[in-house]
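Descriptive analysis of the structure
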Amino acid sequence: MNAAELLRDRGLRVTRPRVAVLEILHESHGHLDVDDITARVRGRLDSVSVQAVYDVLAALNRAGLARRIAPAGAAARFEARVGDNHHHLVCRTCNAIVDVDCATGAAPCLDPIDAAGFVVDEAEVTYWGLCATCR
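Here, residues in each chain are numbered from 1, in the same order as that chain's written sequence. A pLDDT threshold of at least 70 governs which residues receive local features in this predicted model, and a stricter bar of 80 or more applies before side-chain atom pairs are shown or counted, although totals over entire chains, interfaces and linings include all residues. To get the side-chain values, take all heavy atoms of the structure and skip hydrogens and water.

1. Side note on the state of the cysteines
- What counts as a disulfide here is a pair of cysteine sulfur atoms lying within 2.5 Å. The full count for this structure, using the stated rule, is zero disulfides.
- Of the cysteine sulfurs around Cys134, a residue in no disulfide, the closest is that of Cys131, at 3.6 Å.

2. Considering helix 3 (residues 34–44)
- In this scheme, a residue with accessible area under 20% of its type's maximum is buried, one over 50% is exposed, and one in between is partly exposed, where area comes from a 1.4 Å probe on protein chains only. Labels follow the DSSP assignment, with helices taken as runs of H or I lasting at least four residues and strands as runs of E lasting at least two, numbered in each case from the N terminus. Listed as buried for helix 3 are Val34, Ile37, Thr38 and Val41. With its buried residues spanning 100° around the axis, helix 3 presents them on a single face. Structural note: helix 3 exposes Asp35, Ala39 and Gly43 on the side pointing more than 90 degrees away from its buried face.
- What makes two residues a contact is simply this: any of their non-hydrogen atoms within 4.5 Å. As for helix 3, its buried residues are in contact with helix 2 (16–28), helix 4 (50–62) and strand 2 (77–79).
- Two or three places before Asp35, at the opening of helix 3, Asp33 has a side-chain oxygen 3.1 Å from that residue's backbone nitrogen. Directions drawn from the helix axis to the C-beta atoms are what define this arc. What qualifies as a polar contact is a pair of N or O atoms within 3.5 Å, subject to a donor-acceptor requirement within protein and to the restriction that residues adjacent in sequence count only when both atoms come from side chains.

3. Examining the sheet that holds strand 4 (residues 97–101)
- Strands were regarded as paired on the criterion that DSSP finds at least two bridges between them. One open sheet accounts for three strands, arranged 4-3-5; its pairing is mixed. Of all the strands in the sheet, just strand 4 and strand 5 (126–129) have a single pairing partner and so form its edges. Averaged over all neighbouring strand pairs, the angle between strand axes comes to 25°, with direction disregarded.
- Here strand 3 (residues 86–91) pairs with strand 4 via five bridges, running antiparallel. In the strand pairing of strand 4, Leu89 is matched with Val98. Helix axes use the C-alpha atoms of the stretch in contact, all axes being lines fitted to C-alpha atoms, and the angles between their N-to-C directions lie in the range 0 to 180 degrees.

4. Some words on the layout of surface pockets
- The space that makes up the largest pocket amounts to roughly 170 Å³.
- For each structure, a 1 Å grid was placed over the protein atoms alone; sets of points admitting a 1.4 Å probe that cannot get out are labelled cavities, open sets with protein on both sides within 12 Å along at least five of seven lines are labelled pockets, and lining residues have an atom within 4 Å of a point. Lining the largest pocket are eleven residues; nearest its centre among them are Arg67, Gly83, Asp84, Asn85 and Glu122.
- Note that Gly is not counted as nonpolar here; it falls among the polar residues with everything else outside the nonpolar set of Ala, Val, Leu, Ile, Met, Phe, Trp, Tyr, Cys and Pro and the charged set of Asp, Glu, Lys and Arg. Grouping the constituent residues of the lining of the largest pocket by class yields three nonpolar, four polar and four charged. Grid points are joined across faces, edges and corners, and a volume is the space filled by probe spheres set on the points.

5. Topic: the packing of helix 2 against helix 3
- In the contact formed by helix 2 and helix 3, the axes pass within 10 Å of each other and the chain directions differ by 120°. The angle between helix 2 and helix 3 places the two elements in the oblique class. Considering the relative orientation of helix 2 and helix 3, their crossing is right-handed. Note on element contacts: helix 3 touches helix 2 through Ile37, Arg40, Val41 and Arg44, opposite Arg16, Ala20, Val21, Glu23, Ile24, Leu25, Glu27 and Ser28.
- Among the residues making up the contact of helix 2 with helix 3, the classes are represented as six nonpolar, one polar and five charged. Under this scheme an angle from 65 to 115 degrees is roughly perpendicular, one under 35 degrees roughly parallel, and one over 145 degrees roughly antiparallel; angles in between are oblique. In a left-handed crossing the near helix is turned counterclockwise from the far helix by less than a right angle, and in a right-handed crossing that turn is clockwise.

Printed below as a string of structure tokens:
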């Protein structure tokens, strides 16, 4: 994964904060909140503001290079796994988040009874429960 090439391919300017955030998301293979991302970026760059990290994440999300997930009652998290139809398992106790592939495979995996004129292209599924550690 070459972060600079990915940014250029999506028409984004290549900046040190964008490269750092994108690399961190790919390296983590997980779901990081803004505070985690900011701390890791600060470990690589001299300084970066929290607002700059939010701006980078918004740009990456719009460009399809990052995905924002916002489980109810928890801080938004970001991941680099994009372009597929996967869902999430969320632990009610520790807020751990795990990816789970869609059982049907194709998006959207759910169709509303009445789409009210919408053309549905995505359905977000979040499974809630207790992880193995918290059980």
